[in-house]
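Residue strings, one per chain:
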Amino acid sequence: LIEHSEPNPNLTEDEQEQVRRLDGIRLNQMRSYAAEGGCLRNYLLRYFGEQPSAPCGRCSNCLGSFTETDMTSDARTILRCISQTGERFGIGVITNVLRGSQSEQILSRGLHRVETFGAMKALTQDAVRRRIRALLDQGLIVEAGDYRVLALTIDAGAVLHGNGTVMLREDAETTKKELRAKRNEDVEDPALFEALRQLRLSIAREQQLKPFMVFSDATLRSMCEVRPTTMGEFLTVSGVGETKAKRYGEAFLACIRECG
């Protein structure tokens, strides 16, 4: 809508560009609120210029099911990155620097030369953004100015100098999904694993079962390691019994053979 809005005849071209820029900022703020993992009331308070001291304990995020992990090391990396890049960029650019993006935006500005470039490349974009938002929620950084650039607060100094612990509070389901994704990345043959998953899904739908009732992810990973080609070898796979071998064995063996 912003990109295709009709120009206002009462505004100059520069004024219209200013309106589009402000609309873009508001859009990003709304997107950030929708993806916020911390206290929603605190997010709104920060939007209106206040600095909350603690989560409200009453919003949907505060009352949800969460896990807490120590992210102190990641926090120091993010804070160093913001400092090394001159406190001149927003969440998007800082995320790309930390993940080692080779985009024109990063290379043309020389951001690939900073010490923290690629320091968090093992994490997904969403995971890095959640950690940055956690620092915002805990008052270690702020979004400053019209362009919402990230800047360190006085409290960030203590963390950078090795004092204090920073915890990451995340939705429990998000944590489970990332763990499953990480396990899937660790399989010996990702292409075979995906083919086995699709076969399992097809069988499950045909028999109106949950996919795990056919075989678990752990069993599929074991198939990737053993790579059985006969029914006897298939029975050596962890999680495969005689009943399931008779029921599904030929289909999974054929899939393994096709994937070479």
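Conventions used here
Residues numbered from 1 in each chain as written. Predicted model: local features only at pLDDT ≥ 70, side-chain atom pairs only at ≥ 80, totals over all residues. Heavy atoms only, no water. Helix = DSSP H or I, 4+ residues; strand = E, 2+ residues; numbered from the N terminus. Rg over C-alpha atoms; globule rule 2.2 N^0.38 Å. Buried < 20%, exposed > 50% of the residue type's maximum accessible area, 1.4 Å probe, protein only. Contact = heavy atoms within 4.5 Å. Areas by Shrake-Rupley, 256 points an atom, 1.4 Å probe, with all protein chains shown as cover. pLDDT = per-residue confidence, 0-100. Salt bridge = Lys/Arg side-chain N within 4 Å of Asp/Glu carboxyl O. Core = buried A, V, L, I, M, F, W, Y, C linked by side-chain atoms within 4.5 Å.

(A) Representation of the overall build of the protein within the structure. Secondary structure assignment for the protein yields 14 helices and 4 strands. Relative to the globule expectation of 18 Å for 260 residues, the C-alpha radius of gyration of the protein, 24 Å, shows a markedly less compact shape. Summarising its shape, the C-alpha atoms of the protein cover approximately 75 × 55 × 45 Å along the three principal directions. Taking all 260 residues of the protein together, 36% fall into the buried category. Of all intrachain contacts in the protein linking residues separated by at least 6 positions in sequence, the fraction that spans at least 24 positions is 56%. When the accessible surface of the protein is summed, it comes to about 15,600 Å², and 50% of that surface belongs to carbon and sulfur atoms.

(B) Inspection of the confidence of the model for the protein at higher detail. Taken residue by residue, the protein gives an average pLDDT of 86. The fraction at 70 or more is 92%. The least confident element of the protein is helix α9 (residues 172-185), whose mean pLDDT is 55; the most confident is helix α4 (residues 72-84), at 96.

(C) How the structure looks around the pattern of salt bridges. For the structure shown, the criterion picks out 6 salt bridges. Of the charged contacts, one joins Arg20 and Glu17 as a salt bridge, the two residues approaching to 2.9 Å between their closest N and O atoms. Of the two residues, Arg20 and Glu17 both sit in helix α1 (residues 13-35), 3 residues apart, roughly one turn of that helix. The partly exposed category is assigned to Glu17, whose relative accessible area is 44%.

(D) Local environment of unusual backbone geometry. With a phi close to 55 degrees, Glu87 is a non-glycine residue in the positive phi region. Checked against the element boundaries, Glu87 lands in the loop between α4 and α5 (91-98). Even without being a glycine, Gln208 presents a positive backbone phi close to 55 degrees. Position of Gln208 relative to the elements: it lies in the loop between α10 (190-206) and α11 (211-214). Owing to a relative accessible area of 75%, Gln208 belongs among the exposed residues under this scheme.

(E) View of the nonpolar core. Formed by 28 residues in total, the largest nonpolar core has its most connected members in Ile94, Ile132, Leu135, Ile141 and Leu150. Contributing elements (two or more residues each) for this core: α4, α5, α7 (125-137) and α8 (156-160). Once residues lying within four places of it in the same chain are set aside, the contact partners of Ile94 are Cys81, Ile82, Thr85, Phe89, Ile132 and Leu150. Phe193, Val214, Val237 and Leu253 belong to the second largest nonpolar core, which has 20 residues in total.

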